[in-house]
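One letter stands for each residue in the lines below.
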2 protein chains.
Amino acid sequence: MTKMTDLKGAKALPLNTILAGDCIEAMQALPDASVDLIFADPPYNLQLKGELHRPDNSRVDAVDDHWDQFQSFAAYDAFTRAWLAEAKRLLKPNGALWVIGSYHNIFRVGSALQDHGFWILNDVVWRKSNPMPNFRGKRLTNAHETMIWASKEEGAKYTFNYEALKSLNEGIQMRSDWVLPICNGGERLKDEHGDKAHPTQKPEALLHRVLVGSTNVGDVVLDPFFGTGTTGAVAKMLGRDWIGIEREPAYRAVAERRIAGVRKFDKTALEVTRAKRAEPRVPFGQLVERGMLRPGETLVSATGKSARVRADGTLVGLDVKGSIHQVGAHLEGAPSCNGWTYWHFKRDGKTVPIDVLRQQIRAEMAGG
Amino acid sequence: MTKMTDLKGAKALPLNTILAGDCIEAMQALPDASVDLIFADPPYNLQLKGELHRPDNSRVDAVDDHWDQFQSFAAYDAFTRAWLAEAKRLLKPNGALWVIGSYHNIFRVGSALQDHGFWILNDVVWRKSNPMPNFRGKRLTNAHETMIWASKEEGAKYTFNYEALKSLNEGIQMRSDWVLPICNGGERLKDEHGDKAHPTQKPEALLHRVLVGSTNVGDVVLDPFFGTGTTGAVAKMLGRDWIGIEREPAYRAVAERRIAGVRKFDKTALEVTRAKRAEPRVPFGQLVERGMLRPGETLVSATGKSARVRADGTLVGLDVKGSIHQVGAHLEGAPSCNGWTYWHFKRDGKTVPIDVLRQQIRAEMAGG
DNA sequence: CGTGACCATGAATCGAAGT
DNA sequence: GACTTCGATTCATGGTCAC
């Protein structure tokens, strides 16, 4: 599997291997302009204070690894600029870079790569379908991560397989927001104790989309923060060459074993089966936010009950407050109630079920 | 409509007015620590080379206004740091800032606000349900914008109406990705020629969610890049005071007219589901004092533990004495425990959580 | 073997009030 | 300002085990 490629008789390119050691030093040992794509998942520089418990008092196993510890933004910025400088040197003129991060680090990384002359092509949002909730109710659920896709410089002829991504998206242009589940279940690698082998293993689906969209078969993909080798595994499946850099021996061992077990896809295996999506849930509050219903407006039921809309998307009836479903159920003395068909609003003298408004929103979502 | 508020006899706060002029100079004329929330939609620093055409050769009316032109990242950064410095000065200690941007500028803005000591609470993705497609098929459809929500500094007690946002989302925690349509149709303001009055008018639904989630009725909201006044319009509807700053007379004129036509929602519509934490505290001892529980009575937990009530409102378990919370936590070996939901008493053969008694007392307090 | 109850867990900058 | 106490707070998914 391992190939060594000589470029102009200079430094060799250790294809399909994991290089041990610090990512910057390892990159320095690689030749100029030798890599088609870099996918980087650098430390996020989380700054966690104490412990966090779930409402059931179980402890959250947070990312507190030594490799994610930086003294200050200045220290993190210095580290970022150092590896980005090497990344730029290693890229072929028409190469490109992907970086993934969260709000803790992504603004630092984005500014730094602009300062280095990289040219941002898109920022891409990974919308997690099953994120960890916010347990204390103090912020919004942190339900996404951000990727930046950038060419080596302005005007470069980067690779973009427009039609392939369009096909992956059921014939519609691929958007800058990707809904994918986090990595768990059988894909999540475990150590000998049955614990997660790496705290932040990325889903293969994410890399699949990145590599299908921005590389061709035979391209060289470098991942300087290789971890358990998701980039290498997906690159191998897709017939791309890869190089990984990883400092931690334990991660390297897991990645070696993992990639050895991966088979390159044949053509038929690359065809993707796509399930029809369920109808998206539309919160009633969205009708209020979007001005389709006004706070203070009165809704009526076919049974003659009424209630008024509040700004947060709840209803107030005579002696009850709550969701459209709760208030309907209460007014009818019923155990449950479908508020969407129960409640009606008036327009131009006509009484219309609020479900009509939900259908409008769904139509827009499907169109978009 | 216009109110003038004097703070310590110093500079006055021109509530519910649009200030003309440069945003930094106008901010400098406002007093320290006087504003609860800042919503900022600064220039995006778009870098379009030449014109963009659709496949049918019609010209895309891109943002090429003079106010969006910066010579370099350095110039944009200097501008960003200047207005952020004023923003920080104007915010009350527990105030917060929202900024919206795209990949052209948001990394610069995010880095700058971290450098200024703002504390990022979330980055929020506005996922557009109907974005403009990518006509050339050279990149992903740019289908989202990014907002950053930050408190004035680490540890500040920012406003977050968790329950209200949860209600807006039909009982499920609000996530960091918000699906909303772009502003068009009747909401999109037109000038006298029927052209769009402003190139980047934000949807009211976006501001509705921001203001419901991070301000209270009567708060002061500042928008230093007021444009056509979406922030002011939604603030007025929601019973918040607002201040706008806008340099372009044409935008100011549109905004004035628009906001004059807005009606404030009435009081009940503006009431929002509140957090339990906001309810008055009831000491457990009061249940004993009032005879709702007798000293010596046994309380039980769903897990089969038990403890006896003492006359001073503490509990005694097998090997532990203390508050309802302390004894519950100890018996479960948990870091903490909400004794109100943990402990139950028996009446008429039924097992009832003691929280029911607390609710009785609170109902009496509310009734008079 | 199917179903459902129950449990575990994921890149997290995750209190507020009183003494 | 440090310290103690009160007591609020979770969604989706996958795996295990009882029935």
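Position numbers for residues start from 1 in each chain and track the written sequence from start to end. By the order in which they are written, chains take letters starting at A while ligands take numbers starting at 1. Owing to the predicted nature of the model, reporting of local features is limited to residues with pLDDT of at least 70; listing and counting of side-chain atom pairs is limited to 80 or more, with chain, interface and lining totals taken over all residues. In computing side-chain values, all of the structure's heavy atoms are included and hydrogens and water are not.

Test applied: UniProt positions are given in the numbering used here, feature names are shortened, and annotations may be inferred rather than shown by experiment.
Per an unreviewed UniProt entry, chain A goes by Methyltransferase and derives from Litorisediminicola beolgyonensis. The UniProt entry for chain A carries the following text under Sequence similarities (unreviewed entry): "Belongs to the N(4)/N(6)-methyltransferase family." The Catalytic activity (unreviewed entry) field of the UniProt record for chain A holds the comment "a 2'-deoxyadenosine in DNA + S-adenosyl-L-methionine = an N(6)-methyl-2'-deoxyadenosine in DNA + S-adenosyl-L-homocysteine + H(+)".

What about the overall build of chain A?
The cut-off we apply is this: Helix and strand definitions follow DSSP, with helices as H or I runs of at least four residues and strands as E runs of at least two, each counted in order from the N terminus. Any residue under 20% of the maximum accessible area for its type is buried, any over 50% is exposed, and the rest in between are partly exposed; the area is computed with a 1.4 Å probe on protein chains only. Working definition of accessibility: Shrake-Rupley area with a 1.4 Å probe, residue cover restricted to the visible protein chains.
Within chain A one finds 12 helices and 16 strands. In terms of overall dimensions, chain A has a C-alpha envelope of 85 × 45 × 40 Å along the principal axes. Buried positions account for 54% of the 368 residues belonging to chain A. When the accessible area of chain A is evaluated, it comes to approximately 16600 Å², of which 52% is carbon and sulfur surface.

Digging into the pattern of salt bridges
Defined as follows: Criterion for a salt bridge: a side-chain nitrogen of Lys or Arg within 4 Å of a carboxyl oxygen of Asp or Glu.
This model, assessed by the stated rule, comprises 38 salt bridges over all chains. A:Arg89 is the salt-bridge partner of A:Glu86, the closest N and O atoms lying 2.7 Å from each other. Placement of the pair is A:Glu86 and A:Arg89 together in helix H2 (residues 73–90), with a separation of 3 residues, close to one helical turn. By relative accessible area, which is 12% here, A:Glu86 ends up buried. Connected through salt bridges with shared partners, the residues A:Arg127, A:Arg175, A:Asp177, B:Arg127, B:Arg175 and B:Asp177 form a single ionic network.

Digging into the sheet that holds strand E3 (residues 17–20) of chain B
All names here are of chain B. As a reminder, the rule being used: Strand pairing is assigned whenever DSSP detects at least two bridges linking the two strands. What counts as an axis is a line fitted to C-alpha atoms, over the stretch in contact for a helix, and the angles between N-to-C directions run from 0 to 180 degrees. Residues count as neighbours in contact if any of their non-hydrogen atoms are within 4.5 Å of one another.
Pairing within the open sheet is mixed, and its 8 strands lie in the order E3-E10-E9-E4-E5-E7-E6-E8. This sheet does not close on itself; its edge strands, each paired only once, are E3 and strand E8 (177–180). The mean inter-strand angle of the sheet, taken between neighbouring strand axes irrespective of direction, is 20 degrees. The sheet contact formed by strand E4 (residues 35–40) and strand E5 (residues 91–101) spans 5 bridges and is parallel. Considered in E5, the bridge of Phe-39 is made with Trp-98. Against the sheet, helix H2 (residues 73–90) contacts E4, E5 and strand E9 (220–223), and its axis sits at roughly 145 degrees relative to E5.

Some thoughts on the nonpolar core
Worth spelling out the cut-off: Residues belong to one nonpolar core when they are buried, are Ala, Val, Leu, Ile, Met, Phe, Trp, Tyr or Cys, and are joined through side-chain atoms within 4.5 Å.
Counting residues in hydrophobic clusters, the biggest one holds 70 residues, and the most contacted among them are A:Trp83, A:Leu113, B:Trp83 and B:Leu113. With residues near it in sequence (within four places) discarded, A:Leu113 still touches A:Leu84, A:Leu97, A:Val99, A:Phe118, A:Ile120, A:Ile148 and A:Ala150. Within the second largest apolar cluster, 43 residues are counted, among which are B:Ile18, B:Tyr158, B:Val210 and B:Val221.

Comments concerning the sheet that holds strand E14 (residues 321–322) of chain B
All names here are of chain B. Ordered in space as E14-E13-E12-E11-E15-E16, the 6 strands form an open sheet in which the pairing is antiparallel. Here the strands that pair on one side only, and so sit at the sheet edges, are E14 and strand E16 (350–353). In terms of strand pairing, strand E13 (residues 315–316) meets E14 through 2 bridges, oriented antiparallel. Note on E14: the bridge partner recorded for Leu-315 is Gly-322.

A short note on H2(A)
Definition in use: How far a helix is expected to stretch is found by multiplying one less than its residue total by 1.5 Å.
For H2(A), which comprises 18 residues, the first-to-last C-alpha distance of 26 Å matches the rise-based estimate of 26 Å (1.5 Å per residue) to within 8%. Residues of H2(A) that are buried sit in contact with helix H1 (23–28), strand E4 (35–40), strand E5 (91–101), helix H3 (106–115) and strand E9 (220–223) of chain A.

Considerations on the protein's contact with DNA strand D
Residues and elements named next belong to chain B. Our working rule: Nearness of a residue to a molecule or strand requires only that one of the residue's heavy atoms be within 4 Å of it. Think of a polar contact as two N or O atoms within 3.5 Å of one another; within protein, one of them needs to be a possible hydrogen donor and the other a possible acceptor, and neighboring residues in sequence only count if both atoms come from side chains.
Taken together, 28 residues lie around DNA strand D, and Tyr-162, Lys-166, Ser-323, His-325 and Trp-340 are the ones closest in. In DNA strand D, atoms within 4 Å of the protein come from the sugar-phosphate backbone in 63% of cases. The contact in question runs from a phosphate oxygen of DNA strand D to an N or O atom on the side chain of His-325, over 2.7 Å. Take the surface near DNA strand D: its biggest share by element is 3 residues, from helix H4 (residues 162–168).

A word on the protein's contact with DNA strand C
Note the following rule: Each residue is assigned to one class: nonpolar for Ala, Val, Leu, Ile, Met, Phe, Trp, Tyr, Cys and Pro, charged for Asp, Glu, Lys and Arg, and polar for all the others, Gly among them.
Around DNA strand C lies a shell of 36 residues, among which A:Arg54, A:Tyr103, A:Arg136, A:Asn142 and A:Lys196 are the nearest. In DNA strand C, the atoms that sit within 4 Å of the protein are 45% sugar and phosphate, with bases accounting for the remainder. One of the backbone nitrogen or oxygen atoms of A:Arg136 is found 2.5 Å away from a base oxygen of DNA strand C. Note that a base oxygen of DNA strand C is positioned 3.3 Å from one of the side-chain N or O atoms of B:Trp119. Among the residues forming the surface near DNA strand C, the class breakdown is 16 nonpolar, 7 polar and 13 charged.

Observations regarding the packing of aromatic side chains
Heads up, the condition is: The rule is short: rings of Phe, Tyr and Trp, with Trp giving its six-membered ring, pair when the centres are within 6.5 Å, and they are stacked under 30 degrees, edge-to-face over 60, tilted in between. Definition used: whenever NZ (Lys) or CZ (Arg) falls within 6 Å of the ring centre and also within 35 degrees of the ring normal, the charge is taken to sit over that ring.
With the rule as written, the count across this model stands at 25 aromatic pairs over all chains. Each ring, one from A:Tyr76 and one from A:Phe79, has its centre 6.1 Å from the other, and the planes form 50 degrees; the classification is tilted. Taken together, the positions of A:Tyr76 and A:Phe79, both in helix H2 and 3 residues apart, correspond to about one turn of that helix. You'll find A:Tyr76 and A:Phe79 in the same group, each marked buried. An angle of 10 degrees between the planes, with centres 5.5 Å apart, marks the rings of B:Trp98 and B:Trp149 as stacked. Linking B:Trp98 in strand E5 with B:Trp149 in strand E7 (residues 144–151), this pair joins segments that are 51 residues apart in sequence. The same class applies to B:Trp98 and to B:Trp149, which are both buried. Grouped by ring-pair contacts, the aromatic residues A:Trp98, A:Trp149, A:Tyr158, A:Phe160, A:Tyr162 and A:Trp178 constitute a single cluster. A cation over an aromatic ring shows up here: A:Arg108 above the ring of A:Phe73, its NZ or CZ 4.4 Å from the ring centre.

So, the packing of helix H6 (residues 230–237) of chain B against helix H7 (residues 249–260) of chain B
Residue and element names in this part refer to chain B. Operational definition: These descriptions rest on fixed angle ranges, namely under 35 degrees for roughly parallel, over 145 for roughly antiparallel, 65 to 115 for roughly perpendicular, and the rest for oblique. Take the far helix as the reference: if the near one is turned anticlockwise from it by less than a right angle, the crossing is left-handed, and if turned clockwise, right-handed.
At a closest axis distance of 9 Å, the pairing of H6 and H7 adopts a crossing angle of 15 degrees. Taken together, the axes of H6 and H7 are roughly parallel relative to one another. For the crossing formed where H6 meets H7, the hand is right-handed. Residues Thr-230, Gly-232, Ala-233 and Lys-236 of H6 form the contact with H7, whose own contacting residues are Arg-258, Ile-259 and Ala-260. Among the residues forming the contact of H6 with H7, the class breakdown is 3 nonpolar, 2 polar and 2 charged.

Focus on the interface of chain A and chain B
By a frequent convention, interface size equals the accessible area lost on bringing the separate parts together. Worth spelling out the cut-off: Two parts placed together each lose some accessible area under a 1.4 Å probe, and the buried area is that loss summed for both.
With 76 residues of chain A at the interface, the matching set in chain B holds 77 residues. Between chain A and chain B, a total of about 6600 Å² is buried, with carbon and sulfur atoms accounting for 48% of that surface. Contact with chain B buries surface across chain A, with A:Phe107, A:Leu140 and A:Glu289 losing the most and accounting together for 13% of the total. Between the two partners, chain A and chain B, sit 10 salt bridges. The residue makeup of the side of chain A that touches chain B, split by class, is 31 nonpolar, 25 polar and 20 charged.

Overview of the confidence of the model for chain A
Spelled out, the test is: Scored from 0 to 100, pLDDT reflects the predictor's confidence in each residue.
For chain A, the average pLDDT comes to 91, and 93% of its residues sit at 70 or higher. Across residues 271–277 of chain A, confidence stays below pLDDT 50; counting only partners more than four residues off in sequence or on other chains, it has 5 contacts.

Structural notes on the UniProt feature "domain: DNA methylase N-4/N-6" (unreviewed entry) in chain A
Taking the numbering used here, the UniProt-annotated feature "domain: DNA methylase N-4/N-6" (unreviewed entry) corresponds to residues 35–256 of chain A. The annotated region residues 35–256 of chain A carries 28% helix and 22% strand content, and the separation between its end C-alpha atoms amounts to 21 Å.

Digging into the environment of B:Val35
Residue and element names in this part refer to chain B. Relative to the elements of secondary structure, Val-35 occurs in strand E4. Take Val-35: its relative accessible area is 0%, and that puts it in the buried class. Along the primary structure Val-35 and Ile-243 are separated by 208 residues, whereas in three dimensions their C-alpha atoms are 9.2 Å apart. If sequence neighbours within four positions are ignored, Val-35 has contacts with Leu-90, Leu-91, Lys-92, Val-220 and Leu-222.

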